Amino acid sequence: MSPWIWGVVLLVVCGSLAALTYWHLIIAEGAYLGTRLVAYLYDRFAHRYDDIKGFDWEDEHDFIARPLRLSFDLAGVEKPLILDVGTGTGRVPRVLLDRGAFSGHIVALDRSLGMLQEAVRRLGSAASVSWLWQDASRLPFSDATFDAVCCLEVLEFTPDPRRTLEEMIRVLRPGGFLLLSNRIGWQAHLLPGRTFRRSEFHQVLLDLGIAVCQVRPWQVDYDWALARKAGVGPGKGQGHRSLAEILHCPGCGALAWETRAAAWRCETCGRKYPYRDGILMLVES
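Conventions used here
Each chain has its residues counted from 1, running along the sequence as written. The predicted origin of the model limits local features to residues at a pLDDT of at least 70 and limits the giving and counting of side-chain atom pairs to 80 or more, whereas totals for whole chains, interfaces and linings rest on all residues. Side-chain metrics rest on all non-hydrogen atoms present in the structure, leaving aside hydrogens and water. Helix and strand definitions follow DSSP, with helices as H or I runs of at least four residues and strands as E runs of at least two, each counted in order from the N terminus. Any residue under 20% of the maximum accessible area for its type is buried, any over 50% is exposed, and the rest in between are partly exposed; the area is computed with a 1.4 Å probe on protein chains only. For this analysis, residues touch if any pair of their heavy atoms sits within 4.5 Å. Residue burial considers only the protein chains on display, and all accessible areas are found by Shrake-Rupley using a 1.4 Å probe. As a per-residue quantity, pLDDT reports the predictor's confidence and falls between 0 and 100. Here the rule is simple: two strands pair whenever DSSP picks up at least two bridges between them. Here a crossover is taken to be right-handed if, once the strands point away from the viewer, the path from the first strand over the helix to the second is traced clockwise. Fitted lines through C-alpha atoms serve as axes, helices being fitted only where they are in contact, and the angles separating the N-to-C directions of these axes extend from 0 to 180 degrees. Nonpolar core, defined: a set of buried Ala, Val, Leu, Ile, Met, Phe, Trp, Tyr and Cys residues in which side-chain atoms within 4.5 Å join the residues together. Lining residues are defined by having an atom within 4 Å of a point belonging to a cavity or pocket. Those points lie on a 1 Å grid over the protein atoms alone, cavities being sets where a 1.4 Å probe fits but cannot get out and pockets being open sets with protein on both sides within 12 Å along at least five of seven lines. Grid points are joined across faces, edges and corners, and a volume is the space filled by probe spheres set on the points. Note on residue categories: nonpolar means Ala, Val, Leu, Ile, Met, Phe, Trp, Tyr, Cys or Pro, charged means Asp, Glu, Lys or Arg, and polar means any other residue, Gly included.

## Things to note about the overall build of the protein chain
Counting secondary structure elements, the protein chain contains nine helices and eleven strands. The buried share of the protein chain, reckoned over its 285 residues, is 49%. Restricting the contact set of the protein chain to residue pairs at least 6 apart, pairs at least 24 apart contribute 67%. Surface exposure of the protein chain reaches about 13,700 Å², of which carbon and sulfur atoms provide 56%.

Listed below in structure tokens is the structure:
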């Protein structure tokens, strides 16, 4: 084979490898290579994440805080207990607490420790927020625990988006609210198995136990959904409950804690989970 043909072959191979690397690390953000790599990539850029995203906080209020507050008011939920799945730099807690008048409790979890540390740094000490270093695919809470569950710009980076949806709806109480996003931009076609077609997204939610669902375009690459789980839950919110009252040990599933400043210890299996800089670390290294 002539040298120029070898050169063309080498060029094609290098180009293919470069395109594959770009897809894995930039488009898919490591989603097909495991949750540890996804977390590592977010850890590296946590301190720059908000600047890169360029959040418009007025829009954040319009699409996050206002719909939730209105839903709680209409449902008579005074002290909501909210789970924010994939909280990142604390987007949902920050926008809910930004203008006061929030009397409930937020449990914010993320698989990226760097993002959680950035969230704590930006929000400071807030008694109404509990920070968990934890994966989204297996939520350590009982069925029907939360008045609302949020998951924004996260679903497409989980190993099994439908399973993650099932988990979020499982821990949502009957009549509770689900606020989430689904990627629909051109890049969604490059994420097979990680996004839902716009035409099927609404039906998927209904199939999983959602009774009412409003879907609308959001930003450029997402659909935004505010949904309500079927059934009727308690009139009052669950935000008076502490983290120790609702968190199950990821190791054995027990709900019995000895809480100390340095670590939480499960009284059933004896496992210890470090508590550092305001973050309860449930991920086992």
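## Digging into the confidence of the model for the protein chain
The predicted coordinates of low-pLDDT regions are not to be read in fine detail. Of all residues in the protein chain, 87% attain a pLDDT of 70 or more, and the chain-wide mean is 83. Confidence scores differ between elements of the protein chain, with helix α1 (residues 3-27) showing the lowest mean pLDDT of 54 and strand β1 (residues 81-85) the highest of 96.

## Brief notes about the pairing of strand β5 (residues 172-183)
Among the twelve residues of β5, eleven are classified as buried, and the element is accordingly described as predominantly covered. Alignment of strand β4 (residues 146-151) against β5, held across five bridges, turns out to be parallel. Looking across to β5, one finds that V149 is bridged to L178. One crossover worth recording links β4 to the parallel β5 by way of helix α7 (residues 161-170), and it is right-handed. Pairing analysis gives seven bridges linking β5 to strand β7 (residues 222-229), with the strands arranged antiparallel. By the bridge assignment, L179 is partnered in β7 with L226.

## What about the sheet that holds β4?
Here eleven strands make up an open sheet; going across it, the order is β6-β7-β5-β4-β1-β2-β3-β11-β10-β9-β8 and the pairing mixed. Bordering the open sheet on either side are β6 (210-218) and β8 (257-259), each of which pairs with just one other strand. Within the sheet, the average angular offset between the axes of one strand and its neighbour, ignoring direction, is 20 degrees. On top of the sheet, helix α8 (residues 198-207) reaches β5, β6 and β7; it is set at about 155 degrees to β6, its chief contact.

## Side note on the nonpolar core
Core analysis: the largest hydrophobic core is formed by 41 residues, its most contacted members being L83, F141 and L178. Residues contacting F141, with those up to four places away along its chain left out, are L83, V107, L109, L132, F146, R170, V171, I246, L247 and H248. By size, the runner-up hydrophobic cluster in this structure holds 33 residues, among which are V120, W131, W133 and L179.

## Concerning the layout of surface pockets
Computed from the structure, the second largest pocket encloses a volume of approximately 240 Å³. In this structure, the second largest pocket is lined by 17 residues; those nearest its centre are V129, S130, W131, Y275 and G278. Its residues placed into classes, the lining of the second largest pocket shows ten nonpolar, five polar and two charged.

## As for empty space enclosed by the protein
Using the criterion set out here, one finds one cavity of 30 Å³ or more in the structure. Space inside the largest cavity adds up to approximately 420 Å³. In this structure, the largest cavity is lined by 27 residues; those nearest its centre are Y42, G86, D110, E153 and V154. For the lining of the largest cavity, the elements supplying multiple residues, two or more each, are α2 (35-45), α5 (91-97) and β2 (105-110). Per element, the largest residue contribution to the lining of the largest cavity is four residues, and it comes from α2. For the lining of the largest cavity, a count of residues per class yields 13 nonpolar, eight polar and six charged.

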